[in-house]
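Spelled out from the first residue to the last, the chains are:
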Amino acid sequence: MWSAVAFCSVVALATIFITHWVNKWRNPRCNGVLPPGSMGFPLIGETIQLLIPSRSLDLHPFIKKRVRRYGSLFRTSVVGRPMVMSTDPKFNHFILMEEGKSVELWYLDSFSKMLPIYALGSVQKYIRNIALNHFGAESIKSKLLPRIETVIQKTLRSWCAQETLEVKHATSQMLFNFTLNQMFGYDSEKSTDNLSEKFADFVHGLMSIPLNIPGTTYHKCLKNQEEILRLMKGIVKERIASGDNSRGDFLDRAINDMKTESFLTEDFIVHLMFGILFGTFEPISAVLVLTFKLLSEHPSILEEITAENEGILRNRENADSLLTWDEYKSMTSTIHVLNEVLRLGNVAPGLLRRVTKDIKFNGYTVPAGWDIVLVTPAIQLNPDTFKDPVAFNPSRWKDLDSNTIAKNFMPFGGGVRQCAGAEYSKAFIATFLHVLVSKYRWTKIKGGKIVRKPILDFEDGIVIKISEKSK
């Protein structure tokens, strides 16, 4: 009898505890009124709903459903973190201006663990400066642009030798090898490791549920990262031991700066290079694949930019000379295509910030310690700014003024945290298009099915056949 009473007491206490815990989860403490929304299930929140694939360029259903139900500002929980998501342009602008006051830069915990440099706000200025020094506009103008075109020409010639090829894999490989070459002289032809493949798998695993258990996507993601970091660390150690800083590349600069910057260690430099590679690899390759898809579906737009870029060749004294900075800046139609692909691609699902002091906005309070996701795709797909927003229409950029673009087009972030590699990404894609349409012809064989998880991806890639135009 007493054992039955004890068992019932335990069950009752457990029920009370669980009920209290669930109620506390669903109704977080707040010194004010929280934005409307749902915290989902305890611990996992609404992570699963967010990761359900969408097969459209439109705003992810997870966001659209909640905006319809709760409005442009709503609360939720993802991977155990309480957060507010915003599609409100005024709130988003306010948050971008609050950096260093009531919010700070933040990334998902899985990102911060694997890319530690992104979690260190105190050294962001240095990271930005060194990235701009080697991948910013001045570097592109003075030395990088011809290097970019040279590697693109070499890559496209190699593509012609293949019967068909899958664009995402091929462009990822090109980007990986070129970026590492600029950072520390990496030569893929001398490497026996398929590092670009491992890096692609790492990027894919970042948005998986962070369970480090053998057999899971996340576990494979960590293993791939370890292997790439091990290679990079060996290169850094070798360069330091050699005492040779005559190359003048990214790694030389970082090693020289170790004398004056106390936070710079071998491990930090390795993670810094890894982080910069991550920041350029996925966005550029995804945009290039989407460009192939959209141009194959809109032949008149392809004809327009082909005429523009062939015109650049005709106007040169030597048609085989490399693209100049002035020519790059004159490619109006090509830049319009690039902007439209970036607008539709929305490669990054949003900008992330962490609240350091309670924020009051329109009667709502976002508590300190919470996270904020500024859903930039909602701004770039806003029908009030971009008529028929899901349509691929590069000509719309002819009529948009600079003020409208600044407030409603943020493919590389906004505020003081705009991506330092923005100009590098744009120059690489524009140069790729210039060489592709002026010197090659291509046909899409199959593929192109879009999937957002919520990062843009392609279910079966895009397979093309490419050949050089006769001179």
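A quick note: this is a predicted structure, and the numbers were derived from the prediction, not measured. (Residues numbered from 1 in each chain as written. Predicted model: local features only at pLDDT ≥ 70, side-chain atom pairs only at ≥ 80, totals over all residues. Heavy atoms only, no water.)

Participant: Kindly report on the overall build of the chain, identifying the contributing residues and their values.
Facilitator: When you go through the chain residue by residue, the secondary structure sums to 18 helices and twelve strands. Counting every position in the chain, which comprises 471 residues, the buried fraction comes to 51%. Intrachain contacts of the chain at a sequence separation of at least 6 include 71% that bridge at least 24 residues. (Helix = DSSP H or I, 4+ residues; strand = E, 2+ residues; numbered from the N terminus. Buried < 20%, exposed > 50% of the residue type's maximum accessible area, 1.4 Å probe, protein only. Contact = heavy atoms within 4.5 Å.)

Participant: So what about the sheet that holds strand β12 (residues 462-468)? Which residues, and what values?
Facilitator: Spatial strand order, β4-β12-β9: three strands in an open sheet with antiparallel pairing. Of all the strands in the sheet, the pair left with one neighbour each is β4 (165-166) and β9 (440-447). For β9 and β12, the ladder comprises seven bridges, and the chain directions are antiparallel. From the neighbouring strand, K446 faces β12, where its bridge partner is V463. (Pairing = 2+ DSSP bridges.)

Participant: Hey, could you go over the sheet that holds strand β2 (residues 81-86) for me, with residue numbers and the actual values?
Facilitator: Spatially, the five strands line up as an open sheet ordered β1-β2-β8-β5-β3, and their pairing is mixed. Edge positions in the sheet fall to β1 (73-78) and β3 (103-105), since each of these pairs with one other strand and no more. Each strand of the sheet is rotated relative to its neighbour by a mean of 35°, with strand direction disregarded. Sheet contacts for helix α3 (residues 61-70): β1 and β2; angle to β1, the most-contacted strand, approximately 135°. (Axes fitted to C-alpha atoms, helices over the stretch in contact; angles between N-to-C directions.)

Participant: Outline a nonpolar patch on the surface, listing residues and values.
Facilitator: A surface patch of nonpolar side chains, about 510 Å² in accessible area, is lined by F41, L43, I44, I48 and I52. Within the fold, I48 resides in helix α2 (residues 47-51). (Patch = residues over 30% accessible without salt bridge, like charges linked within 9 Å, V, L, I, M, F, W, Y side chains within 5 Å. Areas by Shrake-Rupley, 256 points an atom, 1.4 Å probe, with all protein chains shown as cover. Salt bridge = Lys/Arg side-chain N within 4 Å of Asp/Glu carboxyl O.)

Participant: A description of the packing of helix α8 (residues 167-184) against helix α9 (residues 195-206) should follow, citing residues and the corresponding values.
Facilitator: In the contact formed by α8 and α9, the axes pass within 9 Å of each other and the chain directions differ by 110°. The angle between α8 and α9 falls in the class roughly perpendicular. Between α8 and α9, the residues in contact are H169, Q173 and F176 and L195, S196, E197 and F199, respectively. Of the residues belonging to the contact of α8 with α9, the class tally is three nonpolar, three polar and one charged. (Parallel < 35°, antiparallel > 145°, perpendicular 65-115°, else oblique. Nonpolar A, V, L, I, M, F, W, Y, C, P; charged D, E, K, R; others polar.)

Participant: Tell me about α8, and name the residues and values.
Facilitator: Helix length check: α8 (18 residues) gives 26 Å between terminal C-alpha atoms against 26 Å at 1.5 Å per residue, within 8%. Within α8, 15 of the 18 residues are buried, which leaves the element mostly enclosed by the surrounding structure. Structurally, the start of α8 carries an N-cap: the backbone nitrogen of K168 is 2.9 Å from a side-chain oxygen of E166. In the stretch just after α8, G185 is the one whose phi turns positive, near 75°. (Expected span 1.5 Å × (residues − 1). Polar contact = N/O pair within 3.5 Å; in protein donor to acceptor, adjacent residues only side chain to side chain.)

Participant: I'd like to hear about the packing of aromatic side chains, residue by residue, with values.
Facilitator: A full pass over the atoms with the stated rule returns 21 aromatic pairs. The interplanar angle of 70° and the centroid separation of 5.0 Å between the aromatic rings of F91 and F361 together place this pair among those described as edge-to-face. In this pair, F91 is assigned in helix α4 (residues 89-97) and F361 in strand β6 (residues 359-361), connecting sequence segments 270 residues apart. Neither F91 nor F361 differs from the other in exposure class; each is buried. Ring geometry for Y126 versus F263: centroids 5.4 Å apart, planes at 75°, classification edge-to-face. In this pair, Y126 is assigned in helix α6 (residues 124-135) and F263 in the loop between α11 (250-257) and α12 (266-297), connecting sequence segments 137 residues apart. (Phe/Tyr/Trp six-rings, centres within 6.5 Å; stacked < 30°, edge-to-face > 60°.)

Participant: Please give an account of the pairing of strand β8 (residues 371-374) that cites residues and values.
Facilitator: The two faces of β8 match: D371 and V373 on one face and I372 and L374 on the other face are all buried. Direction of pairing for β2 relative to β8: parallel, over a ladder of four bridges. When the bridges of β8 are listed, M83 appears paired with D371. Pairing between strand β5 (residues 351-355) and β8: four bridges, direction antiparallel. Following the sheet pairing, R353 is matched in β8 by I372.

Participant: I'd like to hear about α12, residue by residue, with values.
Facilitator: Here α12 spans 47 Å end to end across 32 residues, near enough to the 46 Å set by a 1.5 Å rise per residue. Counting buried positions over the 32 residues of α12 gives 25, a clear majority of the element.

Participant: Go over the side chain of D371, please, and point to the residues and values.
Facilitator: Its place among the elements puts D371 in strand β8. The buried category is assigned to D371, whose relative accessible area is 0%. In terms of polar contacts, D371 uses its side chain to reach the side chain of R81, at 2.8 Å. If sequence neighbours within four positions are ignored, D371 has contacts with R81, P82, M83, V84, W106, R353 and R354.

Participant: Requested: an account of the pattern of salt bridges, with residues and values cited.
Facilitator: All chains considered together, the criterion is met by 24 salt bridges. Among the salt bridges present, the one from E46 reaches R66, with a minimum N-O distance of 3.1 Å. Note that E46 is positioned in the loop between α1 (2-26) and α2 and R66 in helix α3, a separation of 20 residues in sequence. Like E46, the residue R66 is buried in the burial classification.

Participant: Describe the environment of L73, naming the residues involved and giving the relevant values.
Facilitator: With respect to the helices, strands and loops of the structure, L73 is situated in strand β1. We classify L73 as buried; its relative accessible area is 8%. Distance in space between the C-alpha atoms of L73 and V84 is 6.9 Å, their sequence separation being eleven residues. Ignoring sequence-local partners within four residues, the contact set of L73 consists of P35, P36, V84, M85, S86, F91, F361 and Y364.

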